[in-house]
Amino acid sequence: MAERRGKGRGAGSRPAAGVPRSRVPRPIVLTPKEVSRQLVRPVVIAVANRKGGVGKTTTSVNMAACLALMGHPTLLVDMDSQGHSTSGLGLEPSDINGTALDLLTGERPIEDAIVPTTVSGLDLVPATIDLSKAEVNLVSHPERELRLSAALDPVRGEYDFIFIDTPPSLGMLTVNSLVAADDVLIPLQCEYFALEGVKDLVGIVKVVSDNLNPDLRIEGILLTMYEPTPLSREIQNEVRSHFGDSVFGPVVPRDRRIAEAQSMGVPAVQYRMGSPGTQAYIKAAMELSRRHLSRDE
Ligand SMILES: Nc1ncnc2c1ncn2[C@@H]1O[C@H](COP(=O)(O)OP(=O)(O)OP(=O)(O)O)[C@@H](O)[C@H]1O
Ligand SMILES: [Mg+2]
């Protein structure tokens, strides 16, 4: 597990304001074998795909929540001015002290912007519509692509996983996210033109790794909102033959419980633990955790 630094905040140790305790779920129960494999190297993962509505936010919220409930201190940074990760975790404006915009402008240190969530072990840096000003606000800043990375530095060692939910574009917010990240996780919906968005993203990952962040790599592709149609099967086969083992084994099915949970402001594990979509996210989170086992063990 990551070495803790700083104030020892105890990530997510208190429920967020206004959320009934009955919504606080019990931790995900792992088998002894899985528990013994829970030590990981800390990692920052940008969840990205230029295409809109493919499950970036749903994947960020649910993977982060599952990993937190498996015992990994986890932070989710909402880098989308739509603020869907923020609302998807039930945060109200009154719960928010600082936002992702403050990190980029340097207005506040990250410690002031981090808030606990209802999920034990999961903290959030929220976003509001103000984040849409970032592109303009940063125009005259030197090294504007590096600002999120620098802002995260003080807390990188406090969490096993830091997820960054990015917007559906390849602008300054996504570039900042890719520069701050170690890995990129690409949610992919099995539909026409799905691979186009991925090709664009792979291109920009290469530009960022060549110029700004040589350690950046593609963590993997997670198939989302899967429906067992002939087209989806064909696209799944194409993606798996093209990207091989970097495609996650578990596939997230289209499941209305996932969308319902998001609209209720809770991760799916706090809403319907047994639903097929929730189970797929739990399995994907386990695979992610296994992929990041510490080499020291
Ligand atoms: N597995 C699923 N089953 C059913 N609905 C889903 C599933 N995953 C996501 N959704 C719904 O699909 C919509 C888009 O998902 P989401 O917001 O995660 O995509 P996104 O890539 O973050 O979108 P954007 O590009 O706008 O940020 C949401 O309404 C969400 O609740
Ligand atoms: Mg989103």
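From a predicted model like this one, the values you see are computed outputs, not experimental measurements.

Helix and strand content of the chain: 12 helices and seven strands. The burial tally for the chain puts 48% of its 297 residues in the buried class. Considering only intrachain contacts with a sequence separation of at least 6, the fraction spanning at least 24 residues in the chain is 80%.

The α-helix winds at 3.6 residues per turn, so residues separated by three or four positions along the chain end up facing the same way. Those residues of helix α11 (residues 256-264) that sit buried are I258, A261 and Q262. Looking straight down α11, one finds its buried side chains confined to an arc of 100°; they lie on one side. Exposed side chains of α11 directed beyond 90 degrees from the buried face belong to R256 and S263. Of the surrounding secondary structure, the elements contacted by the buried residues of α11 are α2 (56-69), α3 (84-88) and α12 (276-291).

A word on the nonpolar core. Ranked by size, the top nonpolar core spans 85 residues in total, and within it A64, C66, I164 and A285 carry the most contacts. The leading source of residues in this core is α2, at eight residues.

Turning our eyes to something else, we now look at the site of ligand 1. K56, T57, T58, P168 and A259 are the nearest of the 21 residues found near ligand 1. Looking at the shell around ligand 1, the elements that each hand over two or more residues are α2 and α11. When residues of the shell around ligand 1 are assigned to their parent elements, the largest contribution, four residues, is made by α11. Across the shell around ligand 1, the residue classes break down as six nonpolar, 10 polar and five charged.

At a minimum axis separation of 10 Å, helix α8 (residues 172-180) and helix α9 (residues 194-211) run at an interaxial angle of 60°. Viewed along their axes, α8 and α9 adopt a mutual orientation that is oblique. For the pair α8 and α9, the crossing hand works out as right-handed. Only I204, V205 and V208 of α9 make contact with α8, whose side of the interface consists of V175, L178 and V179. Class assignment for the residues of the contact of α8 with α9 results in six nonpolar, no polar and no charged.

With that out of the way, let us pick up the packing of α2 against α12. Where α2 meets α12, the closest approach of the two axes is 9 Å, and the angle between their N-to-C directions is 70°. As summarised for this structure, α2 and α12 are arranged roughly perpendicular, according to the angle between their axes. Taken as a pair, α2 and α12 cross one another with a handedness that is right-handed. Contacts from N62, M63, C66 and L67 in α2 reach Y281, I282, A284, A285, L288 and S289 in α12. When its residues are assigned to classes, the contact of α2 with α12 shows eight nonpolar, two polar and no charged.

Within the chain, E143 stands out as a residue other than glycine whose phi angle is a positive 50°. With respect to the helices and strands, the residue E143 is situated in the loop between α6 (134-137) and α7 (147-152). Non-glycine residue M225 carries a positive phi angle of around 50°. By secondary structure assignment, the location of M225 is in the loop between β7 (217-224) and α10 (230-243).

Confidence in the prediction for the chain averages 87 pLDDT; 85% of positions are at 70 or higher. Scored below 50 in pLDDT, residues 1-22 shows 45 contacts in the model against residues more than four places distant or in partner chains.

What counts and how
Residues numbered from 1 in each chain as written. Chains lettered and ligands numbered in written order. Predicted model: local features only at pLDDT ≥ 70, side-chain atom pairs only at ≥ 80, totals over all residues. Helix = DSSP H or I, 4+ residues; strand = E, 2+ residues; numbered from the N terminus. Buried ≥ 20, exposed ≤ 12 C-beta atoms within 10 Å, placed from the backbone. Contact = placed C-beta atoms within 7 Å. Arc of directions from axis to C-beta. Core = buried A, V, L, I, M, F, W, Y, C linked by C-beta atoms within 7 Å. Near = placed C-beta within 6 Å. Nonpolar A, V, L, I, M, F, W, Y, C, P; charged D, E, K, R; others polar. Axes fitted to C-alpha atoms, helices over the stretch in contact; angles between N-to-C directions. Parallel < 35°, antiparallel > 145°, perpendicular 65-115°, else oblique. Left-handed = near helix turned anticlockwise from the far one by under 90°. pLDDT = per-residue confidence, 0-100.

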